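# Close look at the chain arrangement
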Amino acid sequence: MFKKVIIVFILSFYTVFCSAQQVRPSKSSEIYRELKTLKHLPKVLYLAAHPDDENTGLLSWLINDQNVETGYLSLTRGDGGQNLLGTDQGAALGLIRTHELLEARKLDGAQQFFTRAIDFGFSKNTTDTFKQWDADSITADVVWVIRKFRPDVIICRFPPNAAAGHGQHAASAVVAEKAFKLAGDKTAFPDQLKYVNAWQPKRVLWNTFRFGGVNTTAENQLKVTVGQYDAQLGMGYGELAGLSRSLHKSQGAGTQSVAGIRTEYFAHVIGEPAKATLLDGITKTWTSQGSADIDQSLDKIISSFNFNQPDLSLPALLALRKKVVALQDGDLKRDKIKSLDNIILSCAGFMGEVVTNQAEAVAGDHYNFRLNLISRATNPVVLEDVKWLSQSESFNRKLSKDSLITIQHDIQIPADAALTEPYWLAKSPTNAATFSVPNDTLIGLPEAESPLNVLLGLKIGSENFQVKLPLSFKKLDPVRGDVVEALRIVPALELKFTQPLYLVKENEDLHLGLNFKVNSNKPFKNKGIVNLMYNGERLGGADVNSLNGKDFTVEYVIPKAKIASIKSNQLQLDANFIADEVTYNKKQVLIQYPHLPSLQYFTPATVTVMKGDIQAKVKKVGYIQGAGDFIPEFLRIAGIQVDVLKDEDFYGNLDESNGNGNQNKLSQYDAIVLGVRANNTEKKLGRWMPFLWSYVKAGGNLVMQYNTNQDTTVDQLGMYSFSIANKRVTEENAEVKFLNPNHKLLNFPNKITADDFKGWMQERGAYFPAQWDAAYEPLFEMHDTGEEPLQGSTLYAKYGKGNFIYTPLAFFRQLPAGNVGAARLFLNFLSAQKN
């Protein structure tokens, strides 16, 4: 760790760093809380495994009631979870969940940290977890965060044993204890000490809990009362916590805002035990640090703070700043001057932004930007100079109170500007469970600071400040109003296949569509050539004589002889375009949800081709959407018509004489499929189920994917009863035993063998039924190493003239990955009524 790094040292203490797209003043109530937090020196680090693991009620109380600077360290970004909002999985889901955490932190006020660990999905114990995670590298990351944040107390959400309920949960506790022992040891990870000092926290505590039927609390544990009402917030901390946690929208983690006090329990783990409070024995104050004058100054500022005129505190704050700059403790000085400068800018009512009308920009191109500045302080803020990336301009201009000024400027994006993407996705992972980062000093950060900033030189009183304003995109949205987001740097040209997946038989030509998106304002000088590659071999391509327009598609055909010569049943094709001696091979992944800023990252322009004997005997399928999954798109790619069913499909032609509803309309479908977690997300399902049962009884084929027991709509999902349990097989290569190899679902139209279970990713499946009616026939038996066999991965029942299939196998993961065996099996399920 820390072998190849580039770091910029901060040599002065007057820079205000801002990760937001605008510098905006905090509300008076927030400034007041920040002042009280500035007076308190102890820190707390909460530590767990995933986004939404954190105890937001405790975080809210620590920050807003105790005024303790608090951070949450999530070992992972939640890449292995499910997504209730859309089809994004893996890295894309991790990026979504990262920003959901950042939105939550904006509400509760905590800081956010991560390690390089990748969430590889559910694991059952720490042994399984550390087969994937390298314990030393993850421990090193936690030590780095501890040394950088310097907490006095570390609080774990989980214990290091089975009570944690998830192997990654338990692993977070194991790593926390190891890191606690090493963070203060100068011989541990010595390369880190070039940039941070060793730091020894006082203690580690476990925040015990009552989850479902598991109660780990005890009356002899340390108890803390939280949830008190805060008049400045207009709510209690439990209510604030509900709002914060509900921002984990991709996880369906909407949480009640509960008013009233409650008790949190804590068990001692390691270090000096706490007897009465979390911060027992931690007497760290400004006075104890030899700076009683800072304590006294803060007391006066806090007691005289005017909520209606926060700028009245500026003279005292500027005087305080001189005292903080004079501190000998470099770590404390850097830490507190950053907080103090933000308070000063907020009291001045300062707002600054650098915006353009373009959402995307290309390195080397020119764009017009607007610098908008305003101050609301009676004593003027002076704009001394502006550095427009590479050009400096002097102003020496006073910002009149409450008067917006706008300065237009043409900015050229540096020719070597990097593409805008998360730092942890800029390089291929070190392995399947650890991200690779371009600079080890980035470890721990939720996101990297923008590299493209306009730098303002400001003077407030006699103090100089430098303020970074990231280059941003601003638009007026008719629904959301002003939207300000990061300016996204994109390639001059992007490539993307027109389908996310292709299916081809060995005796067929492969028809591909390749989309070109031209982003640059500059014309390409010469014609280019497209190459379609497989394992370094050129399978096809063509010359492109001109790049007409900004967005166009070119069709290509790879002859069947080429396809037949490739033995694999799964092909990964790469596309590149070479023009003007530059190779373009990037595909943009753009993620846009209303509750988040626009997010992007880039992958190679590749596509998976599924090749072989993949038969489907259905032509038309009805689909009931659940949480976002890829299966409807996959079925369309396979040539099947897919209709997403709505209310009118069940009620549109209700025959009141027999109550059969829209049975005749449903009968047009060869199969009806329920998306993953449909019983958790589709609240009309209770009204629809009787019609679906009638459809099956009359000869239909109903395929239901996995559901959970959380927030269910229907109590009985099948025509015959079965009960869902938290039973799963997490080993994606677990052996699969066929209980009835001659069953029609395993033989028509595709002959299913053990080979069809090869190459699965992350897991076999989750939430298997534990008990079921004798009318069901289980098809498979499987289990994780050392565990009892499970037979609930697929249940089949005949009902009337039709078929019902319940399958919690993870098709929603396998089909986007292009697994041919999973595709053959799923198409067999759809074809049950054709056999």
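The structure presented is a predicted model; accordingly, all values stated were derived computationally and were not measured.

## A word on the confidence of the model for the protein chain
Counting all residues, the mean pLDDT for the protein chain is 92, and 96% of those residues have values of 70 or more. Between residues 653-659, whose pLDDT stays under 50, and residues either more than four places distant or in other chains, the model counts six contacts.

## A short note on the pairing of strand 26 (residues 528-534)
Most of strand 26 sits inside the fold, with six of its seven residues counted as buried. Pairing analysis gives seven bridges linking strand 26 to strand 27 (residues 537-544), with the strands arranged antiparallel. Looking across to strand 27, one finds that valine 530 is bridged to alanine 542. The antiparallel hairpin formed by strand 26 and strand 27 contains two residues in its connecting segment, where asparagine 535 sits at a positive phi of about 50°. In this sheet, strand 29 (residues 570-579) lies alongside strand 26 in antiparallel orientation, the contact comprising five bridges.

## Let's talk about empty space enclosed by the protein
Applying the stated criterion across every chain yields a total of two cavities of 30 Å³ or more. Its volume calculated, the largest cavity comes out at about 50 Å³. Taken together, Gln82, Asn83, Gly86, Asp88, Gln89, Ala627, Gly628, Val676, Tyr706 and Phe812 make up the full set of residues lining the largest cavity. Partitioned by chemical class, the residues of the lining of the largest cavity number four nonpolar, five polar and one charged. For the second largest cavity, the calculated volume is near 30 Å³. What lines the second largest cavity is Arg77, Phe114, Thr115, Arg116, Tyr423, Trp424, Phe435, Val437, Ile443 and Gly444.

## Examining the sheet that holds strand 25 (residues 510-518)
In spatial order, the strands read 23-25-28; together these three strands make up an open sheet with antiparallel pairing. Only two strands of the sheet have a single neighbouring strand rather than two, namely strand 23 (493-497) and strand 28 (551-558). Direction aside, the axes of adjacent strands within the sheet are offset by 25° on average. Note: strand 23 against strand 25, five bridges, orientation antiparallel. Looking across to strand 25, one finds that glutamate 494 is bridged to lysine 517.

## Description of helix 8 (residues 292-303)
Between its first and last C-alpha, helix 8 extends 17 Å over twelve residues, near the 16 Å set by a 1.5 Å rise per residue. Along helix 8, the residues classified as buried are Ile294, Asp295, Ser297, Leu298, Ile301 and Ile302. End-on, the buried residues of helix 8 take up no more than an arc of 165°, which puts them together on one face. Away from its buried face, by an angle of more than 90 degrees, helix 8 presents the exposed residues Lys300 and Ser303. Of the surrounding elements, those touching the buried residues of helix 8 are helix 1 (28-39) and helix 9 (314-325).

## Things to note about the environment of methionine 351
Structurally, methionine 351 can be placed in strand 13 (residues 351-356). Overall, the relative accessible area of 8% leaves methionine 351 in the buried class. When the C-alpha positions of methionine 351 and glutamate 732 are compared, they lie 52 Å apart, and in sequence the two are 381 residues distant. Among residues more than four places away in sequence, those in contact with methionine 351 are Val23, Arg24, Pro25, Asn372, Leu373, Ile374, Arg376 and Leu404.

## Some remarks on the pattern of salt bridges
All chains considered together, the criterion is met by 36 salt bridges. Residue lysine 322 is joined to glutamate 463 by a salt bridge in which the shortest nitrogen-to-oxygen separation is 2.7 Å. Of the two residues, lysine 322 is situated in helix 9 and glutamate 463 in strand 20 (residues 463-477); the sequence distance between them amounts to 141 residues. Take glutamate 463: its relative accessible area is 9%, and that puts it in the buried class. Ionic pairing is found between arginine 687 and aspartate 647, a salt bridge with its closest N-O pair at 3.0 Å. With arginine 687 in helix 16 (residues 685-697) and aspartate 647 in helix 13 (residues 647-651), the pair connects residues that are 40 residues apart, well separated along the chain.

## As for the nonpolar core
Residues Leu456, Leu471, Phe516 and Leu573 are the most contacted members of the largest nonpolar core, which totals 90 residues. Here this core gets seven residues from one element, more than from any other, and that element is helix 10 (residues 330-347). Filtering out sequence-adjacent residues up to four positions away, leucine 471 remains in contact with Gln21, Val354, Phe369, Leu389, Ile411, Ile413, Leu452, Val454, Ala486 and Leu487.

## Some words on the packing of helix 2 (residues 56-64) against helix 7 (residues 237-245)
Two measures define how a pair of helices packs: the angle their axes make with one another and the distance between the axes. Contact geometry of helix 2 with helix 7 gives a least axis separation of 8 Å together with a crossing angle of 120°. By the angle class used here, helix 2 and helix 7 are oblique. Handedness of the helix 2/helix 7 crossing: right-handed. Across from Thr56, Gly57, Ser60, Trp61 and Asn64 in helix 2, the residues of helix 7 making contact are Tyr237, Leu240, Ala241, Ser244 and Arg245. Its residues placed into classes, the contact of helix 2 with helix 7 shows four nonpolar, five polar and one charged.

## Points about unusual backbone geometry
Residues phenylalanine 748 and proline 749 are joined by a peptide bond in cis, for which omega reads -10°. Assignment of secondary structure puts proline 749 in the loop between strand 39 (737-738) and strand 40 (765-772). The phi angle at asparagine 67 is positive, at roughly 55°, despite the residue not being glycine. Relative to the helices and strands, asparagine 67 is located in the loop between helix 2 and strand 3 (69-74).

## What to know about the side chain of aspartate 756
Counting through the fold element by element, aspartate 756 comes out in the loop between strand 39 and strand 40. Residue aspartate 756 is classed as buried on the basis of its relative accessible area of 6%. Aspartate 756 has contacts with Lys751, Asn819, Gly821, Ala822 and Arg824, leaving out every residue within four places of it along the chain.

## Some remarks on the packing of aromatic side chains
On inspection of all chains with the given rule, the structure shows 29 aromatic pairs. Considering the side-chain rings of phenylalanine 209 and phenylalanine 211, the 4.1 Å spacing of their centres and the 10° angle between planes classify their relative orientation as stacked. Residue classification places phenylalanine 211 among the partly exposed residues on the basis of a relative accessible area of 39%. Plain terms: the ring middles of tyrosine 706 and tyrosine 767 are 5.8 Å apart, the flat faces sit at 5° to each other, and that makes the pair stacked. Here tyrosine 706 is found in the loop between strand 37 (701-705) and strand 38 (722-729), whereas its partner tyrosine 767 is found in strand 40, with 61 residues between them in sequence. Take tyrosine 706 and tyrosine 767: they sit in the same class, and that class is buried. Here the aromatic cluster, defined as three or more aromatic residues joined through ring pairs, consists of Phe738, Phe757, Trp760, Phe780, Phe811, Phe826 and Phe829. Positioned above the aromatic ring of phenylalanine 114 is the side chain of arginine 77, whose terminal nitrogen or guanidinium carbon lies 4.1 Å from the ring centre.

## With respect to the sheet that holds strand 36 (residues 671-674)
The sheet built from seven strands is open, its strands ordered 35-34-36-37-44-43-41 with mixed pairing. The sheet terminates laterally at strand 35 (641-644) and strand 41 (777-778), the two strands that pair on one side only. As paired strands, strand 37 and strand 44 (residues 802-807) are joined by five bridges and run parallel to one another. Pairing of methionine 704 across the sheet is with tyrosine 806, part of strand 44. On the sheet, helix 18 (residues 820-830) packs against strand 34 (620-624), strand 36, strand 37 and strand 44 and is oriented at approximately 140° with respect to strand 37.

Conventions adopted
Each chain carries its own residue numbering, running from 1 in the written order of its sequence. Thresholds applied to this predicted model are a pLDDT of at least 70 for local features of residues and 80 or more for the giving and counting of side-chain atom pairs; totals over whole chains, interfaces and linings are not thresholded and use all residues. Note that the side-chain values use all heavy atoms of the structure and ignore hydrogens as well as water. Per-residue confidence from the predictor is given as pLDDT, running between 0 and 100. In this description, contact between two residues means that some pair of their heavy atoms is separated by no more than 4.5 Å. Partly exposed residues are those whose accessible area sits between 20% and 50% of the maximum for their type, while under 20% is buried and over 50% is exposed, using a 1.4 Å probe and protein chains only. Helix and strand definitions here come from DSSP, where helices need a minimum of 4 consecutive H or I residues and strands a minimum of 2 consecutive E residues; each element is numbered from the N-terminal end. Here, any two strands with at least 2 DSSP bridges between them count as paired. Here a cavity denotes grid points, spaced 1 Å and computed from the protein atoms alone, that fit a 1.4 Å probe unable to get out, and a pocket denotes an open set having protein on both sides within 12 Å along at least 5 of 7 lines; residues with an atom within 4 Å of a point are the lining. Grid points are joined across faces, edges and corners, and a volume is the space filled by probe spheres set on the points. Residues were grouped as follows: Ala, Val, Leu, Ile, Met, Phe, Trp, Tyr, Cys and Pro as nonpolar; Asp, Glu, Lys and Arg as charged; and all remaining residues, including Gly, as polar. Note on method: axes are straight lines fitted to C-alpha atoms, helices fitted across the in-contact stretch only, with angles between N-to-C directions ranging 0 to 180 degrees. To estimate how far a helix should reach, multiply one less than its number of residues by 1.5 Å. What the arc measures is the spread of directions leading from the helix axis to the C-beta atoms. Salt bridges are counted wherever a side-chain nitrogen of Lys or Arg sits within 4 Å of a carboxyl oxygen of Asp or Glu. The definition of a nonpolar core used throughout is a set of buried Ala, Val, Leu, Ile, Met, Phe, Trp, Tyr and Cys residues joined through side-chain atoms within 4.5 Å. Angles are sorted into four bins: roughly parallel if under 35 degrees, roughly antiparallel if over 145, roughly perpendicular if 65 to 115, and oblique for all others. Note on convention: the crossing is left-handed when the near helix lies turned anticlockwise from the far helix by less than a right angle, right-handed when the turn is clockwise. Two aromatic rings from Phe, Tyr or Trp, using only the six-membered ring of Trp, form a pair when their centres are within 6.5 Å; if the ring planes differ by under 30 degrees the pair is stacked, by over 60 it is edge-to-face, and anything between is tilted. Counting as a charge over the ring demands two things of the Lys NZ or Arg CZ atom: a distance within 6 Å of the ring centre and an angle within 35 degrees of the ring normal.

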